[in-house]
Amino acid sequence: MKIAQVAPLFERVPPKAYGGTERVISYLTEELVRQGHDVTLFASGDSVTAARLVPVIEQSLRLDLNRQEWLMYHTMMLDEVAAMADEFDVIHFHTDYLHFPLTRRLPVPHVTTLHGRLDLPDLVPLYRHFNQVPLVSISQSQRGPLPWVNWIETVYHGLPPDLYNFHAKPGEYFAFVGRISPEKRVDRAIEIAVHCGVPLKIAAKIDRADQAYFKEHIEKLFQHPLVEYIGEVGEADKRSLLGQARALLFPIDWPEPFGLVLIESFACGTPVVAYRHGSVPEIVEEGVTGLLVSDQEQALLAAQRIGDLDRALCRRTFEQRFTAQHMADNYLKVYRQVIDARMNQ
């Protein structure tokens, strides 16, 4: 099958450090190539892939501070996609809703995976206007605010099975991986660790938009002797960080669409303590890959007994549910579905 993958330009594919969407696009692209499909990746020029790469800019936008007009570069990329559309059997967009007007005129089947939150009120008129665009959700929970749009399937993210090694024995610290932002609630993670008397290693980036929040609410918490701020980490450092952790703390306070770090942790055999928000109850199996909580009191108790969970079972569950092959196979079913729908029009 001839497949186009259209990625955002903010991060390279895969990103060197933080960047969940681009990481998933990379895993999907490489697995489709491994299975013998002819894949073209539209992404920044510093991307690394076995597919044919069609770059619009030399490097990802976040790395080039001189390029702030992100919409301009995405517009150029989408025009390139349209010009090459006849070369593909299907086009898979990961660019939120930017390409929706273009899809009305594409001569080939297409599908869009939505990677973000959908509970923003302004999205309702947009999706009512473009209610025919075939969409894929990354969790059932993500669909909640817009249940009436043209959902084709839910496809969970997946990782290459050899990306993370299994660690049978836990280390002596908790891990927090993500962003320093109000919705990720690193303050809750610090409270859990301090209460348990367990060191906490924080691997997280601080976006410019969150600098004020960090200065006002979080920076002083990093001064506790049990807290170690590592900063933004790449894949190799994340493997070690997650694999040697006693548990991943995931005390979020927002409708998480998926939570890629959850399955990264499972792949290492590391269980999680996670709040029941968004997709979390779909991804975390209670008592198997983690413990689910609804408040800090429950979180403090869960963190103290997280060591009772079987790390080998965490890894097996990852292999059964969240590999890149599972993800690619499910997307191939989606591609065939939208191709068949176009042929029957």
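Residues numbered from 1 in each chain as written. Predicted model: local features only at pLDDT ≥ 70, side-chain atom pairs only at ≥ 80, totals over all residues. Heavy atoms only, no water.

**Student:** Let's hear about unusual backbone geometry: which residues, and what values?
**Tutor:** For the bond running from V13 to P14, omega is -5 degrees, close enough to zero to count as cis. With respect to the helices and strands, P14 occurs in the loop between β1 (2–6) and α1 (20–34). At D96, a position not held by glycine, the phi torsion is positive, near 60 degrees. Position of D96 among the secondary structure elements: in the loop between β4 (90–93) and α3 (100–103). Of note in this structure, R185 is not a glycine but carries a positive phi near 55 degrees. By secondary structure assignment, the location of R185 is in the loop between β8 (174–179) and α5 (186–196). (Helix = DSSP H or I, 4+ residues; strand = E, 2+ residues; numbered from the N terminus.)

**Student:** Residue-level account of the pattern of salt bridges, with values.
**Tutor:** Counted by the stated rule, this structure contains 14 salt bridges. Note that R117 and D119 form a salt bridge whose closest N and O atoms lie 2.8 Å from each other. Classification of R117 by relative accessible area gives partly exposed; the value is 32%. Its salt-bridge partner being K215, residue E219 comes within 3.3 Å of it at the nearest N-O pair. Several salt bridges share partner residues, and in doing so they unite R185, D187, R188 and D253 into one network. (Salt bridge = Lys/Arg side-chain N within 4 Å of Asp/Glu carboxyl O. Buried < 20%, exposed > 50% of the residue type's maximum accessible area, 1.4 Å probe, protein only.)

**Student:** Go over the environment of D89, please, and point to the residues and values.
**Tutor:** You can see D89 is positioned in the loop between α2 (70–84) and β4. For D89, a relative accessible area of 34% corresponds to the partly exposed category. Beyond its immediate sequence surroundings of up to four residues, D89 is in contact with M1, K2, P109 and I339. (Contact = heavy atoms within 4.5 Å.)

**Student:** Can you lay out a nonpolar patch on the surface for me, pointing to particular residues and giving the numbers?
**Tutor:** A cluster of nonpolar residues, F10, W70 and L71, forms a patch on the protein surface that exposes about 280 Å² of accessible area. Tracing the backbone through its elements, the reader meets F10 in the loop between β1 and α1. The class for F10 is partly exposed, based on a relative accessible area of 35%. (Patch = residues over 30% accessible without salt bridge, like charges linked within 9 Å, V, L, I, M, F, W, Y side chains within 5 Å. Areas by Shrake-Rupley, 256 points an atom, 1.4 Å probe, with all protein chains shown as cover.)

**Student:** Provide a residue-level description of the pairing of β1, including the pertinent values.
**Tutor:** Burial runs high along β1: four of the five residues are buried. Both β1 and strand β2 (residues 38–43) contribute to a ladder of five bridges, which runs parallel. Paired with I3 across the two strands is V39, which belongs to β2. Summarising the sheet, β1 and β4 pair through four bridges and their orientation is parallel. Counted as the bridge partner of I3 is V90 from β4. (Pairing = 2+ DSSP bridges.)

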